[in-house]
Every structure is written in C-alpha cells, then in structure tokens.
Amino acid sequence: MISRRDFLQVSMAASAMLGASGFGKWARLAAQQTLTQDQLLQFDTFGNVSLIHVTDIHAQLKPIYFREPSVNIGVGENKGAVPHITGADFRKFYGVEDGSAYHYALSSGDFEALAKGYGRVGGLDRVATVINAIRAERPDALLLDGGDTWHGSYTCYQTEGQDMVNVMNALRPDAMTFHWEFTLGSARVEELVGGLPFAALGQNIFDAEWDEPSELFPPYKMFERGGVKIAVIGQAFPYMPIANPRWMFSEYSFGIRDENMQEMVDEVRAEGAELVVCLSHNGFDVDKKMASKVTGIDVILSGHTHDALPEPVLVGETIIVASGSNGKFVSRVDLDVQNGRMMGFRHKLIPIFADVIEPDKEVAALIDAERAPYADALKEVVGQTDSLLYRRGNFNGTWDDLICEALLSEREADIAMSPGVRWGPSLIPGDDITREDIWNVTSMSYGEAYRSEMTGEFIKVILEDVADNIFNPDPYYQQGGDMVRIGGMGYRIDITKPQGERVSEMTLLKTGEAIDPAKNYVVAGWASVNEGTEGPQIWDVVEAHIKKMGTVTVAPNNSVTVVGA
Amino acid sequence: MSFTRRDTLALGAGAALMTFLPFRVNAAAEDAIAAFTGGAAVTDGGVDLTAPEIAENGNTVPIEVGAEGAAAILLLATGNPTPGVATFTFGPLAGASRAATRIRLAGTQDVVAIAKMADGSFARASKTVKVTIGGCGG
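Bear in mind the structure is a predicted one, so any value in this text is a computation, not a measurement. (Residues numbered from 1 in each chain as written. Chains lettered and ligands numbered in written order. Predicted model: local features only at pLDDT ≥ 70, side-chain atom pairs only at ≥ 80, totals over all residues.)

Student: Just give me the short version of the overall build of chain B, but keep the residues and values in it.
Tutor: Looking only at helices and strands, chain B has one helix and eight strands in total. Helices and strands in chain B line up, N terminus first, as α-β-β-β-β-β-β-β-β. Looking at chain B as a whole, 36% of its 138 residues qualify as buried. (Helix = DSSP H or I, 4+ residues; strand = E, 2+ residues; numbered from the N terminus. Buried ≥ 20, exposed ≤ 12 C-beta atoms within 10 Å, placed from the backbone.)

Student: Give me the lowdown on the interface of chain A and chain B, citing residues and values where you can.
Tutor: A common measure of how large an interface is: the accessible area buried when the components associate. The partner chain B presents 15 residues to the 29 residues of chain A that form the contact. Counting residues per element, the ones that place at least two in the side of chain A that touches chain B are helix H11 (240-243) and helix H18 (456-471) of chain A. Counting residues per element, the side of chain A that touches chain B draws most heavily on H18 of chain A, which supplies four residues. Considering only residue class, the side of chain A that touches chain B consists of 14 nonpolar, nine polar and six charged. (Contact = placed C-beta atoms within 7 Å. Nonpolar A, V, L, I, M, F, W, Y, C, P; charged D, E, K, R; others polar.)

Student: Can you tell me about the confidence of the model for chain B, naming the residues and giving the values?
Tutor: All names here are of chain B. Per-chain confidence: chain B averages 82 in pLDDT, with 78% of residues scoring 70 or above. Below a pLDDT of 50 lies the segment residues 1-25, which in the model reaches two contacts outside its immediate sequence neighbourhood of four places, other chains included. Across the whole predicted complex the pTM is 0.92, and at the interface the ipTM reaches 0.87. (pLDDT = per-residue confidence, 0-100.)

Student: Please give an account of the environment of Asn440 of chain A that cites residues and values.
Tutor: Residues and elements named next belong to chain A. The topology assignment puts Asn440 in helix H17 (residues 435-440). For the pair Asn440 and Asp468, spaced 28 residues apart in sequence, the C-alpha to C-alpha distance is 27 Å. Those residues in contact with Asn440, other than ones at most four positions away along the chain, are Gly152, Ser153, Gly424 and Pro425.

Student: How would you sum up the environment of Leu124 of chain A? Please name residues and give values.
Tutor: Mapped onto the elements, Leu124 of chain A comes out in helix H7 (residues 124-137). The exposure class of Leu124 of chain A is buried, given the 29 C-beta atoms found within 10 Å.

Student: Before we move on, can you summarise the sheet that holds strand E23 (residues 513-514) of chain A with the specific residues and values?
Tutor: Residues and elements named next belong to chain A. The strand order E23-E22-E21-E26 describes an open sheet built from four strands, whose pairing is mixed. Each having just a single partner strand, E23 and strand E26 (560-563) make up the two edges of the open sheet. Pairing of strand E22 (residues 503-508) with E23, which is carried by two bridges, proceeds in the antiparallel orientation. In the strand pairing of E23, Thr507 is matched with Ala514. Sitting on the sheet, H18 is in contact with strand E21 (489-494) and E22, with an inclination near 130 degrees to E22. (Pairing = 2+ DSSP bridges. Axes fitted to C-alpha atoms, helices over the stretch in contact; angles between N-to-C directions.)

Student: Account for helix H6 (residues 111-118) of chain A, naming residues and giving values.
Tutor: Every α-helical turn comprises 3.6 residues, leaving residues that sit three or four positions apart pointing alike. All names here are of chain A. Inspection of H6 places Phe111, Leu114, Ala115 and Tyr118 among the buried residues, and these make up the whole buried set. Seen end-on, H6 carries its buried residues on one side only, within an arc spanning 105 degrees. Opposite the buried face of H6, by more than 90 degrees, sit the exposed residues Ala113 and Lys116. Summarising the contacts, the buried residues of H6 are in contact with helix H5 (101-106). Where H6 terminates, the next one or two residues include Gly119, which has phi positive at roughly 80 degrees. (Arc of directions from axis to C-beta.)

Student: Requested: an account of unusual backbone geometry, with residues and values cited.
Tutor: Residue and element names in this part refer to chain A. A cis amide bond, omega 5 degrees, links Val82 with the succeeding residue Pro83. Phi is positive for His58, close to 50 degrees, though the residue is something other than glycine. The backbone of His306 shows a phi angle near 65 degrees, a positive value even though the residue is not glycine. For His306, the position within the fold is in the loop between strand E11 (299-302) and strand E12 (313-315).

Shown next, in the form of structure tokens:
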C-alpha cells in the first residue's frame, strides 16, 4: 500500500525531474539570455488549491540588490543540511548552472558580475504582477504574508509602518503573522492590526500577564477555496521579547508553544479542515523540529531566517517552504487535496527579476505616492562605494564592517558591536550610497548608538550568549539571527563547544594585545534591547562617517577564526 | 615561572573544587527529591511540564505541571541557590492534578517536576530553560 509520505515523495521527485520548480530548466534559458516574464511565471496549474507566500519583505518597496550568504553554518542534525549549504555547494546540490539566473538569485559567488548582468531584484509592484498572474490562473489562491513586513526602511520608520500597510493592502493578503512589527510598540501594532482587512494570526501570541491567548491575534482562520476547507494557523516569531526590546510590547508573550500548536491542529481538524497550513516566523530549523513534533500540519510556510530554497523540504508528512526575503521571491504552492488529505503538490520559488517582470501600474503608482513626501531625503547621495556592501553571513558582512568602523571612529571606541540581523539590501561597487541605502540597513525603532565601558569578561559573556543563540545544537534554543558583529577586536570561535567555551583568543586589534578579562574597554554599539539607551541614531553615525570618507572601501575582514564548521 | 609540588597540589585542589561545584548544586536538588520520594525509584514519563525553551524574563518564568492522578507534585529549579520551588498536593476533590505558577531562575538550568502517584509510585519530567541576555535577533 502506498503511504501518503510516498505520494509526497513522488511530488518531490516530479518537481525535480520535470523542472516544475523551475531552477534547472530556467537556468539554461537564462544563460542563453532569453529570460522572460512568461518563463519566470510558467507553471502548470495543479490540484485544487494554490498558496502564495511572501515573507520578510522588510519594507523594501523598490527593487534592490540582495547577496545571499556564503557562510551559514548548520549545527547538530542540521550540519550540512539545507539551508546551511551555500555558494558552489548549494548550486551543486540543486543542479544550478554556474553563471545562471538562479545562481545569481539563490546563491553567493560572482555576485558583483552577475548583479551587473541580471540587475536588481524585488519591488512590490513586480510582486503584485506575479500575484495577479497566479490569481488569473487560480482566482481563489490564498496570499499569505509571513511577517517582518512593517520594518526596515526610511519611509516605514517615518510612517510607523503605514506605507507598508497601504501597499500590502493593495495586494489583498488573506492572512499575516508577525515579528519586527512589534518593535513599532504595542499601541501602534494594535492600531494597525485593528484596521487590517485580513487576518492577523499567531497561536503563540499570548497576553503576558495572564499567559492566555491574545484576543487581538486569533490562532487560526478557516478558509474554503476550491471546495477545500483550509485552516491557516499563524506562528509569530517565538523569541521577540528576548531578541528585541521587551519593554516595547511588554503586554505580549510569545514562545514556540508547540503543545498549543498541536491543540490548534487538532481543533481545526475537528472543525473539518482538510488542509492545515502553518504561516510561520519560526526560522527554518525551528520549523523542521516543530514539524517533527506536531502531527497534522500539511504545509509550513517558513520565514524569519531569510532562506530561499528552490524545493520544499519534507519532514514526516509536512512540506516546508522557504521563500527568501526583501521582496526577492514569491513562492507558489499548488496542492491536490482529496478526501481531506493533501495527496501531492507542485511548487515554484519565483525570483523577482526587476528588469524582467513588468511592474503592476496601480501598485507602482501607490508606492511612488507613499514615497513622494520623503523623495528629497531618500535620494540624497551621502557617498560612493568601491566595495560590495552586503550583510548576510554568520560572522560578518561588509555593511556591518563599515558600520563598526563608523562606530569606532565617530564614537571614539576600542570595540564596536553591530547586531547580527539578516535584513538589509546590498550595494555593488560603483554605486552611490544614498540616505535611503543607509536606512535600509539600520532603520529600527531602537537605533540609538550607545557608548559604554565593559570589562573583557563581560564582552566574552555577550559573545558566548549570542553564539549559543545561533550554534546551540537544539534548534528550539536558536533565535535565528547571526553572530554579533565585532569591530576592533578579533576572536576564535569553536562552534562545536558548549556555551562558555566557544570563544577564545579575544584580541584588541589596535594593539594586538589579548583582551584582559578584568580591564575596562570602551564599547560602542547599537540596537540595545535595554530601555533608556542613550546616544545618536545609528543612521546618523554611519552617514557622518561615510560623508567624511567620501568613497568607501571595506578591507577584507579576517578577524574571526571559525573552528568546527 | 616554576611550580613547587605544593603549588601544584593546591592547583589540583582548586581544579577539583571547580569541577565539583555543579554536583554540589545538584546535590541540593537531589536531597530534595530523595526527601520527597523517600529514595523510591522515579520513572520518566507521565508528567507534563510546560515551560518556555528560553525565558522571556528570568525573574518571572511561567511553569505548568500536571500528572493525571497525582497526589502531589514537587517542582524544583535545580540551578537556583535554593532549588525548592513548591510542592503541590491534590486532595480527592481536586478536579485535575495540575498547577501553574511563575518562578525565578538564576540562570540557564533544568526545571524538574516529580509526581507522586496515587499508588505511591513516582514519575518525573525535566526541561531546560535558558536564561539569556538577549538582543540581536534577525
């Protein structure tokens, strides 16, 4: 007898062989310079239900460059597993041709040259075109937004998320879940959520005082599409009060709460759901573990860790779909649901090549209208770059190297710390650096750049604490960011060791001396989770530094030695 | 720098003390368990212990314990200077052998629940709760 898992594995195999997920076939077409919108969108409609997934847009309304990481280490059971495969290894794993459009979209390596050839990616007007095309084929497709939408740009900061709400509303999502949205502060989040024409979901969003489900954020919503009863269960980022400032949304509590997730799955099944979709902001490895513990979820639409995977990953009978970040991708998942069970799927991760996909005129006009009041501030050129500026990577990226340099220089510090966030577009050599570009990698509601004294011992405690949030072998103890970026100090890290033993050989770079645990060092940083942090905003610090430099060149950073990867 | 034999012995004693310390902390928890069980065998399973993987605030961590048919449940924070948190006793009129409270955790540690069943047997559950300084989430 053929089990349902066998059916799903047949779907996986068909997807790979026929190039239904697109990457192999389109890679060759793109290499021949024939990449067209029709090819990017080509999809043989399948089954009776379509899901459209966007996530982690980080307020990127306009096309951008976005370099994927070359260092993304997996630990424990996820060592060497996707999404912890990068560059040439990633291309080999998925059969992506070097130099192809999918090489450029999905992996690192030759980024500068390919960026010049293939151009920018994303733009919500292009995303709108793709969504409309899918709806033309399947009018009742569900559009689901995984969150981190109302954060990450100049205009989003100035309008407290209103620009993103207005533009996203024009795309007509059916449901959304949350993370950085809460850093707008609970009052503003409640105001915006109260006006949404779609469901704001989170089975793990609780009232902190009573430890009961929050009334404003229902755990799930039932839909009926293509004759199928579908439950969409929301899963907000579990570690918001730890990774972000708890005092900004102290009324709320989160956590993974997988036992409550199981209860919700059982509840919706009892209500007749034939298809259970989890719209998640857990991060990929946490979603894999959750899928292995909770039974009855058919599809997890995964966000938070910004992974872009050309195929779903199958865990038990659950498929996990990862749709990238910054507006760079849209995932389409067609499902065949028969007799209350998901019997097969077809999936495509659609890269939004901005020069290939025609902008939707209405949404383009709306975006321009949202940006118009800030046009002068956005386009002001602050400097130029000779180097590729990017953020992604477990230990450093050139944007953060530059930000750390700015902190050391402008704040007269020994050591600089920049948070290991994964948002923020890239710039290619020769680009102007505008004020908008600086805000794209720094904008947040707690951007004050502090300057304080810390002992060498405390600096090590911080590094060990953050390292364990990334390299703890149990995904449930991972928060999904990257290592705090350090300027002015080098160190060695053995990721296989337990907390407290990973970091060694801490060295003050300007003197070459070992860090003394008992000595005080002047540390400048930003994005502190502590209430009452004082200092100039980080974007002003970075702007002042770039203005002085004129043209930015970032030297290769070899100050972190990684062992055990 | 040279060490005398006496220095070396002193260092050795220091090292032994360092490695011994965690056991001393656990010993207090083990003493509490022994006092609760009277030294009887404790089996894994049959106890639900709900706690966050990572505490949002180490000063007030919500914990829920339950064990169907339990007469009493001992709750311990094994890494706290004083591990004992509470012993919940359930009389015959209790609707369910289940209790929730909030506890303060001095740092990352295992929270342990031991249930005394109606037949006098004991069962346990344990969960690691991490207390972190936070920040930097992507």
